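As a plain string of letters, each chain reads:
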Amino acid sequence: MYDRILDTPASSVFLFGPRGTGKTTFVRQRLPNARSYDLLDSETFLRLSQAPQRLYDECRLLACGSWVVIDEVQRIPTLLNEVHRLIEGEGLRFVLTGSSARKLRRGGVNLLAGRALGKAMFPLVSSELGEDANMMQMLRFGSLPSVVGHVKPMDYLHSYTSTYLAQEVQQEALTRNLGAFSRFLEVAARQNAQQTNMLNIAREAGVKRSTVAHYFEILEDTLLGNFLPAWKLKSRTRQVKASKFYFFDCGVTRSLSGRLPYPPSQEELGPLLEALVVNELRAYISYQNLYYPLHYWSSYSGSEVDVLLETQDGHVAIEIKASHRWERKFHRALKSVAEDLGRSSTATYGVYMGAQQVLVDDVRVLPVQDFLKALWRGELIR
C-alpha cells in the first residue's frame, strides 16, 4: 500500500481520475467514517436514479460537517441538485468521485457553482513508489496501483482495457459502434506522444475524420488522455500547430496498442519515456496546485522541444530522449528556444536513460530517475 501525495480534502471536492487510479481506496483511507454511496452497485444506482431526493432524505440528519462520498457520480448527474441542497442547507461535505466528466460537462448539470473544488487522481507517480520506482517496469506496464507488484500485470491490463470498453463506453452510450472505436483505440495508442494527424488515424481505423475527432473527445472526457498543444514562439520560424495526444498510463497504452506481451522496442521506448515524463509533470503540477499549462514546440524543419511551460520563475524547456548517451544534437532546439525566450529566464533540461548528470552548453542533463526526484522535491518547477 502506497501513501498518496494528494492532500486529504478539507472541503467538498470533485475527485476525477480514470478507473483504477485509486480514488475509492484513497477516500476510504483518508475519510474512514464518511457515509458512502457506490453508484457502480446496481441496487444503489437503481434506488437513487429512480428517486434522487432519497439522498437528501437519508443524509439531512447527519451532523453538520459530516462527510458523504458518492463514487462515480457521473452515473446520476441529477444527484448534484441534492448535494447542493445538503451543502447549503445542512453544512455537509462531499467527495464526489468520477471516471468520466462527459455527462457532467455536456448535460447542463448543476456543478455546485464552486462549492466543490476540482481535483485529479493519477496513477502512482515515482515519488509515491519511492524505492519501488523501476523505470523499465513503469514504461512496460505502467503504474496503476493494481498493476504495481501484481503477479500477472499483463492479465490485469488486458482485463482493464476490455472492462473500460464494456463499462465506460457501452454503459454511457458514448458511441454506438464499439468495433470502430476499438480499432481507433489501437491506432491512437500506437501514435501516443506523436503529433496527432486525424486524417491518417481515420484512414487506418476505417472511419471518418469527424468520427476520430469525436473519439478523441471521448478519451478526454473519460480521462484516458490529454492533448499537449503547440507553443507559439514570437520568432518568424514556421512552426507546427498540431497538438500531441498522451494516454494517461504507459501500461494501458501498450495494452490498447497490442504491444503489451513484448518488452518495449527501441522505437517504442522514445514515446513511452516522453509520455511517462509528461504524465508525471501533469501530476506534479496538479498535486501542487500550480496550474501551469504544458506545451511542446516544433518547427517544420524538424526542431522540437518536448515540453515547454511558463512558471512564476520563468520558462522551463525539457527535451526527453530514450538514449543511454546524450549527444549535443539532442538539445539544439532547447538552445534556440532559450535564445528566443531569453536565456536568463529559461531553464533548459535534458532527460535521458543514461546514468550520469552532465552540463552541456548550459543544458542540465539528468537521468530520468534523477529528473523525477528533483521534480518532486520542488527543485525544477515551483
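Residues numbered from 1 in each chain as written. Predicted model: local features only at pLDDT ≥ 70, side-chain atom pairs only at ≥ 80, totals over all residues. Heavy atoms only, no water.

**Side note on the sheet that holds strand β4 (residues 93–98)**
We count it as follows: Criterion used throughout: strands pair if DSSP finds at least two bridges between them. Under the scheme used here, helices are H or I runs from DSSP no shorter than 4 residues and strands are E runs no shorter than 2 residues, and both carry numbers assigned from the N terminus. Lines fitted to C-alpha atoms define the axes here, with helix axes fitted over just the stretch in contact, and angles between the N-to-C directions of these axes take values from 0 to 180 degrees.
On the basis of which strands lie adjacent, the open sheet formed by 5 strands has the order β2-β3-β4-β1-β5 and parallel pairing. The open sheet has two free edges, formed respectively by β2 (35–38) and β5 (117–120), since each of these has just one partner strand. The mean inter-strand angle of the sheet, taken between neighbouring strand axes irrespective of direction, is 15 degrees. With 4 bridges connecting them, β2 and strand β3 (residues 67–71) associate as parallel partners. Directly across from aspartate 38, in β3, lies its bridge partner aspartate 71.

**Some remarks on the side chain of glutamate 319**
Selection criterion: N or O atoms within 3.5 Å of each other form a polar contact, as long as, within protein, one can give a hydrogen and the other can take it, and as long as residues adjacent in sequence are counted only when both atoms are side-chain atoms. Should any heavy atoms of two residues lie within 4.5 Å, those residues are considered in contact.
For glutamate 319, the location among the structural elements is in strand β10 (residues 314–320). Within the local environment of glutamate 319, its side chain forms a polar contact with the backbone nitrogen of aspartate 306, the two atoms lying 3.3 Å apart. Apart from residues no more than four positions distant in its own chain, glutamate 319 is found in contact with Glu304, Val305, Asp306, Trp326, Phe330, Leu334, Tyr349, Gly350 and Val351.

**Observations concerning the pairing of β10**
For the record, the criterion: Buried residues are those whose accessible area, probed at 1.4 Å on protein chains only, stays under 20% of the maximum for their type, while exposed residues exceed 50% and partly exposed ones sit between those limits. For crossovers, right-handed means that the path from the first strand over the helix to the second runs clockwise, given strands pointing away from the viewer.
Buried residues dominate β10, accounting for 7 of its 7 residues. Sheet analysis places strand β9 (residues 304–311) next to β10, joined by 5 bridges and oriented antiparallel. For threonine 311, the partnering residue across the bridge sits in β10 and is glycine 314. The sheet contact formed by β10 and strand β11 (residues 346–352) spans 6 bridges and is parallel. Following the sheet pairing, glutamate 319 is matched in β11 by glycine 350. Handedness of the crossover is the feature at issue here: the chain leaves β10, passes through helix α14 (residues 332–341), returns alongside β11, and the resulting connection is right-handed.

**A look at the nonpolar core**
Put simply, the test is: Definition of nonpolar core: a set of buried residues of the types Ala, Val, Leu, Ile, Met, Phe, Trp, Tyr and Cys, connected through side-chain atoms within 4.5 Å.
Core analysis: the biggest nonpolar cluster contains 56 residues, and Ile318, Phe371 and Ile381 have the highest contact counts within it. Looking at this core, the element that brings in the most residues is helix α13 (residues 266–287), giving 12 residues. Setting aside its immediate chain neighbours within four residues, isoleucine 381 contacts Leu281, Tyr284, Leu290, Tyr292, Leu309, Thr311, Val316 and Leu375. Ranked by size, the runner-up nonpolar core spans 30 residues in total, among them Leu144, Met198, Val212 and Ile218.

**Here we look at unusual backbone geometry**
Phi is positive for tyrosine 291, close to 65 degrees, though the residue is something other than glycine. A residue is classified by how much of its surface remains accessible, and tyrosine 291, at 64% relative accessible area, is exposed. Even without being glycine, aspartate 362 reaches a positive phi, approximately 70 degrees. Take aspartate 362: it is sitting in the loop between β12 (358–360) and β13 (363–367).

**Observations regarding the layout of surface pockets**
We apply this condition: A 1.4 Å probe that fits into a set of points on a 1 Å grid over the protein atoms alone but cannot get out defines a cavity; an open set with protein on both sides within 12 Å along at least five of seven lines defines a pocket, and lining residues are those with an atom within 4 Å of a point. Grid points are joined across faces, edges and corners, and a volume is the space filled by probe spheres set on the points. Basically, the charged four are Asp, Glu, Lys and Arg, the nonpolar ten are Ala, Val, Leu, Ile, Met, Phe, Trp, Tyr, Cys and Pro, and anything else, Gly included, counts as polar.
By volume, the largest pocket amounts to about 1,000 Å³. Among the elements of the structure, β1 (13–16), α5 (102–106), β5, β6 (225–228), β7 (244–247) and α13 are those that each provide at least two residues to the lining of the largest pocket. The element best represented in the lining of the largest pocket is α13, accounting for 8 residues. A breakdown of the residues in the lining of the largest pocket according to their chemical character gives 27 nonpolar, 9 polar and 6 charged. In this model, the second largest pocket occupies a volume close to 380 Å³.

**Let's talk about α14**
For an α-helix, 3.6 residues make a turn, and residues three or four places apart therefore share a direction. Cut-off, in case you're wondering: To be clear, the arc concerns the directions from the helix axis to the C-beta atoms.
Of all the positions in α14, only Ala333, Leu334, Val337 and Ala338 are classed as buried. The arc enclosing the buried residues of α14, seen along the axis, measures out at 135 degrees, which places them on a common side. Residues Arg332 and Glu339 are exposed on α14 and point more than 90 degrees away from its buried face.

**Details of the pattern of salt bridges**
The criterion, for reference: What makes a salt bridge here is a side-chain nitrogen of Lys or Arg within 4 Å of a carboxyl oxygen of Asp or Glu, nothing more.
A full pass over the atoms with the stated rule returns 14 salt bridges. Across the pair aspartate 3 and arginine 30 runs a salt bridge, and its minimum N-O distance is 3.3 Å. Separated by 27 residues along the polypeptide, aspartate 3 in the segment before β1 and arginine 30 in helix α1 (residues 23–30) bring together distant segments of the chain. What makes arginine 30 partly exposed here is its relative accessible area of 22%. Between lysine 244 and glutamate 274 there is a salt bridge, and its shortest N-O distance comes to 3.1 Å. Separated by 30 residues along the polypeptide, lysine 244 in strand β7 and glutamate 274 in helix α13 bring together distant segments of the chain. When its relative accessible area of 2% is taken as the criterion, lysine 244 is described as buried. Residue glutamate 274 is classed as buried on the basis of its relative accessible area of 8%. Here the salt bridges share partners, and the residues they tie into one network are Lys244, Glu274 and Glu304.

By themselves, these are just geometric observations and shouldn't be taken as functional.
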